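Summary of the model geometry
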Amino acid sequence: AAKEAGKNHYVLFDLDSHHSRKERIRVIEQMGAALAQDELELYYQPKIHFGRRQVEGFEALLRWNHPEDGVLGPGHFLDHIEYTEYACKVGNFVLEEAIARLRDFHSRNLPYSISVNLSPSHFLGPGFREDLERALCDCPAEIRSRLILEVLETTALDDTDRVLEHLAACRELGVDVSLDDFGTGYSSLDLFRRLTAQEIKIDRSFVTDMLTNPDSEMIVSAIVSLSKSFRRRLLAEGIESAEAEARLIELGCDLGQGFFYSKPMPLAPALEWAACFDWESRRDRSA
Ligand code: C2E
Ligand code: MG
Ligand code: MG
Ligand code: MG
């Protein structure tokens, strides 16, 4: 029976990789048209500042309004285009779009920041600094300072010299960096010191487990102390309940994000949501 199962497993695995190869080819074939026909859209998920009890800004999360398949999340296509020419093209689209929104916010006196996710191959690639400079061209300092670039902790571990060089470029260009999914990448303390990110974003897995698993809470607590010692701003992602929020505030997190407040939304509803946000009634919105 074990042999049977093993055999079935093998067949399934092979089919899976066959499907994912076909899926990958399809995504790459369609991505050019998706860019040209404006099928990519940024959704916005609010980030809440605990001390000020206000919406601090949004994380921009990519969606593909696919002509046949409907709205696709990044899990359906981003990995497929990583290390193809589209990684940078899509990355630049996201950067330019976020900066255009920050300009709008500025002209409408809306004080929000926007966090943008960078793919590993874009951030580590040779064209990154130039792409960022071009996207920020003519952008005044007060707009630049509202842009936050999210780099995965695992990316930061990949090619340390390149990472440190590109972090320095971000600093020179007046843009903040956040280490995303922090805690999953095993940064050494020395590397943590050298990674001059202004913000640390605790991975959702710890936030989810924290209430039932003391080990996860200990990890969150350790990340809080580390961030405080190095004067980094700390954001917890994946907050889904009042209990999680209360614990994270108690531990000393500065900001929170998660379905408890809101799912990611298209721009207009996100701005409406933020305009109506009221700390006291935030629990009512979680349903
Ligand atoms: P991430 O940057 O860690 O983003 C958080 C993800 O968790 C988002 O999924 C968000 O919708 C989801 N999320 C937020 N709050 C909660 C919660 O309370 N519970 C649960 N279960 N999930 C929550 P999404 O939008 O599917 O994005 C997945 C990942 O795709 C992102 O993880 C990010 O790494 C990547 N991504 C998204 N947009 C972009 C982009 O424009 N460029 C690049 N390079 N990567 C992107
Ligand atoms: Mg992120
Ligand atoms: Mg994350
Ligand atoms: Mg993530």
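By the naming in an unreviewed UniProt entry, the protein chain is Diguanylate cyclase/phosphodiesterase with GAF sensor, taken from Marinobacter gudaonensis.

Within the first shell, the magnesium ion (ligand 3) binds the protein through D180 (OD), D181 (OD), E237 (OE) and E237 (OE), at distances of 2.1 to 2.3 Å. Counting the intervening residues between successive donors of the magnesium ion (ligand 3) yields the motif D-D-x55-E. In this structure, the magnesium ion (ligand 3) is positioned 4.0 Å from the magnesium ion (ligand 2), and both are ligated by D180. Given a relative accessible area of 23%, D181 falls into the partly exposed group.

In the neighbourhood of ligand 1, 22 residues make up the surrounding shell, with R63, N117, D180, E240 and F259 lying closest. Q45 is positioned with one of its side-chain polar atoms (N or O) 3.1 Å from a nitrogen atom of ligand 1. A distance of 2.8 Å separates an oxygen atom of ligand 1 from a polar side-chain atom of D180. Summarising the interface, the protein chains cover 81% of the accessible area of ligand 1, which totals 800 Å² for the free molecule. Those elements giving two or more residues to the shell around ligand 1 turn out to be β2 (54-66) and β6 (176-182). Of the residues forming the shell around ligand 1, the biggest block, 4 residues, is contributed by β2. Of the residues contributing to the shell around ligand 1, the split by class is 9 nonpolar, 5 polar and 8 charged.

Criteria and cut-off values
- Residues numbered from 1 in each chain as written.
- Chains lettered and ligands numbered in written order.
- Predicted model: local features only at pLDDT ≥ 70, side-chain atom pairs only at ≥ 80, totals over all residues.
- Heavy atoms only, no water.
- Donors = N, O, S within 2.8 Å, 3.2 Å for Na, K, Ca; no water.
- Buried < 20%, exposed > 50% of the residue type's maximum accessible area, 1.4 Å probe, protein only.
- Near = heavy atom within 4 Å.
- Polar contact = N/O pair within 3.5 Å; in protein donor to acceptor, adjacent residues only side chain to side chain.
- Areas by Shrake-Rupley, 256 points an atom, 1.4 Å probe, with all protein chains shown as cover.
- Helix = DSSP H or I, 4+ residues; strand = E, 2+ residues; numbered from the N terminus.
- Nonpolar A, V, L, I, M, F, W, Y, C, P; charged D, E, K, R; others polar.

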